[in-house]
2 protein chains.
Amino acid sequence: MPVPPPDEAVSVPPGELASRPPDEVVPPSGDGPATARAGEALASVRPGKALAEAVRGVLGGLAAGAVRRGGPVPAETPGALAAQVARALAEARGEEALGRLTELLAYGAADPTDPACAAHLHCPPLAVAVAADLAVSALNPSLDSWDQAPAATELETLLLRELAGLAGYPGTAAGVLTSGGTESNVMGLMLARDRVLERVTGEPVQLRGLSGRVRPRIFASAAAHFSVRRAAALLGLGEDAVVAVPVDRELRMDPAALERALREAARRGEPPVAVVATAGTTDTGAIDPLPECAALAAEHGAWLHVDAAYGGGALLSDRLAPLLAGVELADSISLDWHKLGWQPAAAGVFLVRREETYASLARRAAYLNPADDEEAGYPSLLGRSLRTTRRADAFKIAVTLRTLGRDGLGRLVDACHDLARAGAAAVRAHPRLELHAEPVLTAFLFRYLPRDPRRADEVNAALRRRLLRAGLAVVGRTELPEDAGGDHDRAPGGGGGREPSGGRGRVRLKLTLLNPHATVADVERLVGLVAAAGEAEEAGLS
Amino acid sequence: MPVPPPDEAVSVPPGELASRPPDEVVPPSGDGPATARAGEALASVRPGKALAEAVRGVLGGLAAGAVRRGGPVPAETPGALAAQVARALAEARGEEALGRLTELLAYGAADPTDPACAAHLHCPPLAVAVAADLAVSALNPSLDSWDQAPAATELETLLLRELAGLAGYPGTAAGVLTSGGTESNVMGLMLARDRVLERVTGEPVQLRGLSGRVRPRIFASAAAHFSVRRAAALLGLGEDAVVAVPVDRELRMDPAALERALREAARRGEPPVAVVATAGTTDTGAIDPLPECAALAAEHGAWLHVDAAYGGGALLSDRLAPLLAGVELADSISLDWHKLGWQPAAAGVFLVRREETYASLARRAAYLNPADDEEAGYPSLLGRSLRTTRRADAFKIAVTLRTLGRDGLGRLVDACHDLARAGAAAVRAHPRLELHAEPVLTAFLFRYLPRDPRRADEVNAALRRRLLRAGLAVVGRTELPEDAGGDHDRAPGGGGGREPSGGRGRVRLKLTLLNPHATVADVERLVGLVAAAGEAEEAGLS
């Protein structure tokens, strides 16, 4: 059904190319007749039927799968769903494959457009962004050379200039689209490693490698994303190079503790490669004190990388943007438009304040950016990215920004912020639920309080799986850092006058509200589902 | 035009959700009425109009842009095209943005479905793959946790098992989808670094970092992809850690030279982290002698990584698969389905022969893969990837494989191989063109021979830009490695009985034939365009 039979896939009426003189008209390609068999049609963007038919089949499959699912996630165990996937892959063949597998992907999805799907920084994408991404798939530009992506090369350059301005960066900024915060964090820390260590050791790290004579350090809060440690491992510095700076109860880095850690490292002769400040931790949206982090990094000669993969979305909102004051002081920034930006993944952005700090990534490849082509005016983005082939993820962001404007996107951010506050209020109002802290952005932590506090972690973890299995809700789950008040007797306080609950355990549930079309009633219903699942779990119902 | 007015975007007929009992029906979301303004519709996959309308707008914009372009690339200088992009970004607003920017992206594309677009490993994607990618954009699954991608998690797992089998790997294999060969090469070399150096130094590199006490080495041919050196730099080993092993005229690694290089390193006490064998160099498709590389790597305790980003496509063809004999001996492999696999980027695949060699990437994140969820049967792919958020790029590959089968894809590979041989024959038949070597896969190098051989490099580089500027053709350009016969007096021979031309210079033009629907006449016409552009360039025409 979705894939047109060969005889429908072959028509490229020559008349439709008549906008150029006959001798410049290229022969029909893409949907050409010579070799077309089922499914072999190329995604020709000239007027033709193959792509349109296939897309129609996908839209039908998506709708059918969603209807069959009904709720936010299929009411299946992982094993039962896996068996369906295995069967479909074993049976689907030829023209039916696209429709059948699409329906299954839709049925077996955790659907972020459903208000009860609120676990992760996993946003419901805008229709306009998804459609723009289709244009990118069909044209398949690759940003490693101009002659694979003429317009896309310029479009990415201009979009990055605009996003740099949004972050308060000056005209010297540069950047690139990435697969997400994890890759952006690697990039920031790699540039930091190369710049700081070359200054300290006099050796170019990209050429000579790490010398091992020094023990470089990276400073990040105990609540920073695990990708910071992962980046240190990838870069050859080792996870142990990351110093976990203590946080307050809201999981913000304690600047006094950062200062102590930096001084201690200096005393030991361990060069401070970077301070990583988080603007919007994954779990609570906590924003480290950016101006203080910037001042301390500058004082100690460290690179400041701000991981604003989540919190960067606040830059779109007049209400929340002040929370990110100081981000413009960073040497580099991670922003993810597939989090608080309503883009399909991937839509990561990496920015540096000064283009020249990109130096250690510059590369010359004879087949991609020969010097004489650059002299002749052909720009190259090869030295901007760790990747070579690179999809034009900038396009969907540019289209979205132009369609909604910053104001329109800001309204979506504010709507989600409102939903988070409403959700936190519903938690506070419920006798069996405990709020960890008020939402900063659009997420908050809480937990169900079982009658036996020793069972808190177990019950919360299990009730989440119960909701998943029943197909009722996708709720997040995490654990508090050891020093962040998980055990309330050890909490450093600052909880806004809340009573210590006396409960033990570090497991917390999480709601991440990213669906601006959800209503307060939706969120209240979701909170109610959690409480009901906790009671059922505690009662030992199966 | 492309984005529907708000009043069209709001209808989610409640009846269409009636397949579940009323109390489980979730409130209308996605296209919900409450907050809908222009462009704010989510890509709800439930029956609704917003996504379908936006997609229709994109298909229209794609067609209009392609008609305006007419040829393989717009007949524009980079500056003139950039000005159009800047103007469109400055002017496009609201509902017209999607259509206008899509048309511009299509107009300003290098269109791989046009037979005269044949520079890079930049394939024309299949309609079925592009449509499948739309399903992924709309559902937005992210593979860093099961509860963001229930069906997609299993689908990727099964697809990778199948691809591992295609490569001849045993059931112990594992892998992950990547952004491309560059990321896959980083992964292979990171696992190699961690495994080999831990054996040598007794220290876990991921935790402790590189010690600097040893000087690790990576062995790759002089024609290996530049991403190998880049990976060494990223990993903290430094580009200088890569030993460039000499190649023969066809740019295949010389196994005797590899053996000498490995012995020399051993003599100096430099641990051999990895041998990187290339199966399909970017420029000529050269395939290193895989069995010999495997034997030497094993003898010296080095990891064998095979970069088959391009040549992996040969596994689909009965005719060409024998060229990759020995790939199954590799510890890890890079395969790119966005090269010889007709997928839109990204569709990279990284495979390891033994799952346990993945160990150094394993991670536990409390919010993504808590131990008790894994014990309860929820699988996690987090430890498979360097990324966190990760788009379900496996889906389009799975759909394509099911639609066409290996046989169907193999026919496309063979068609491109035939085209390359026809193109090489056309070059050989032309008095002013010189073939570098017969095509191995679907690409070959050649050049125009100007009357003054000292101008060869300059004329070839310029004629390529001339074709680009005129919008007539997108032809590749590269430079031969210094020791690979660029200067024919120094060539090591092996050129299949060809006369040395006496010409000097290393610049070569390249045709990469990836459009299976192109005809021999298309390729002959393209070769003719190159020769004509060379004559025009030589005559100093502007």
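The paragraphs below set out a description of the structure included in this document. Only a predicted model underlies this, so the values are computations on that prediction, with no experimental measurement involved. (Residues numbered from 1 in each chain as written. Chains lettered and ligands numbered in written order. Predicted model: local features only at pLDDT ≥ 70, side-chain atom pairs only at ≥ 80, totals over all residues. Heavy atoms only, no water.)

Moving on to the packing of helix α2 (residues 78–91) of chain A against helix α5 (residues 150–166) of chain B. Two elements in contact, α2(A) and α5(B), have axes separated by 9 Å at closest approach and are oriented at 50 degrees. In terms of their interaxial angle, α2(A) and α5(B) are classed as oblique. Remark: the crossing between α2(A) and α5(B) carries right-handed chirality. Counting all contacts with α2(A), which are made through Leu81(A), Ala82(A), Val85(A), Ala86(A) and Leu89(A), the residues of α5(B) involved are Pro150(B), Ala151(B), Glu154(B), Leu155(B) and Leu158(B). Tallied by class, the residues present in the contact of α2(A) with α5(B) amount to nine nonpolar, no polar and one charged. (Axes fitted to C-alpha atoms, helices over the stretch in contact; angles between N-to-C directions. Helix = DSSP H or I, 4+ residues; strand = E, 2+ residues; numbered from the N terminus. Parallel < 35°, antiparallel > 145°, perpendicular 65-115°, else oblique. Left-handed = near helix turned anticlockwise from the far one by under 90°. Contact = heavy atoms within 4.5 Å. Nonpolar A, V, L, I, M, F, W, Y, C, P; charged D, E, K, R; others polar.)

Our focus in this paragraph is the sheet that holds strand β6 (residues 303–308) of chain A. All names here are of chain A. An order of β2-β8-β7-β6-β5-β3-β4 is seen for the seven strands of this open sheet, with the pairing classed as mixed. The open sheet terminates on both sides in strands that have one partner only, identified here as β2 (174–178) and β4 (242–245). Strand-to-strand twist across the sheet, computed as the mean angle between neighbouring axes with direction ignored, equals 20 degrees. Relative to strand β8 (residues 348–352), β2 runs antiparallel, the two being bridged by five bridges. Within β8, the position partnered with Leu-177 by the bridge is Val-349. Each of β3 (217–221), β4 and β5 (272–278) is contacted by helix α9 (residues 255–268), which is oriented at about 170 degrees to β3, the strand it contacts most. (Pairing = 2+ DSSP bridges.)

The subject of this paragraph is the side chain of Arg464(B). Within the secondary structure, Arg464(B) sits in helix α13 (residues 456–469). By relative accessible area, which is 6% here, Arg464(B) ends up buried. (Buried < 20%, exposed > 50% of the residue type's maximum accessible area, 1.4 Å probe, protein only.)

Formed by 226 residues in total, the largest nonpolar core has its most connected members in Trp342(A) and Trp342(B). Counting 62 residues, the second-largest nonpolar core is a separate cluster that includes Val186(B), Val205(B), Leu234(B) and Leu361(B). (Core = buried A, V, L, I, M, F, W, Y, C linked by side-chain atoms within 4.5 Å.)

Residue and element names in this part refer to chain B. Taken together, seven strands build an open sheet; the order of strands is β2-β8-β7-β6-β5-β3-β4 and the sheet is mixed. Taken across any chain shown, the strands that pair with only one partner, and hence form the sheet edges, are β2 (174–178) and β4 (242–245). For this sheet, the mean angle separating the axes of adjacent strands, direction not counted, is 20 degrees. Where strand β3 (residues 217–221) and β4 come together, four bridges link them in parallel fashion. Its bridge partner being in β4, Ala-220 is matched across the sheet by Ala-244. Together, β3, β4 and β5 (272–278) form the strand contacts of helix α9 (residues 255–268), whose direction differs from that of β3 by roughly 170 degrees.

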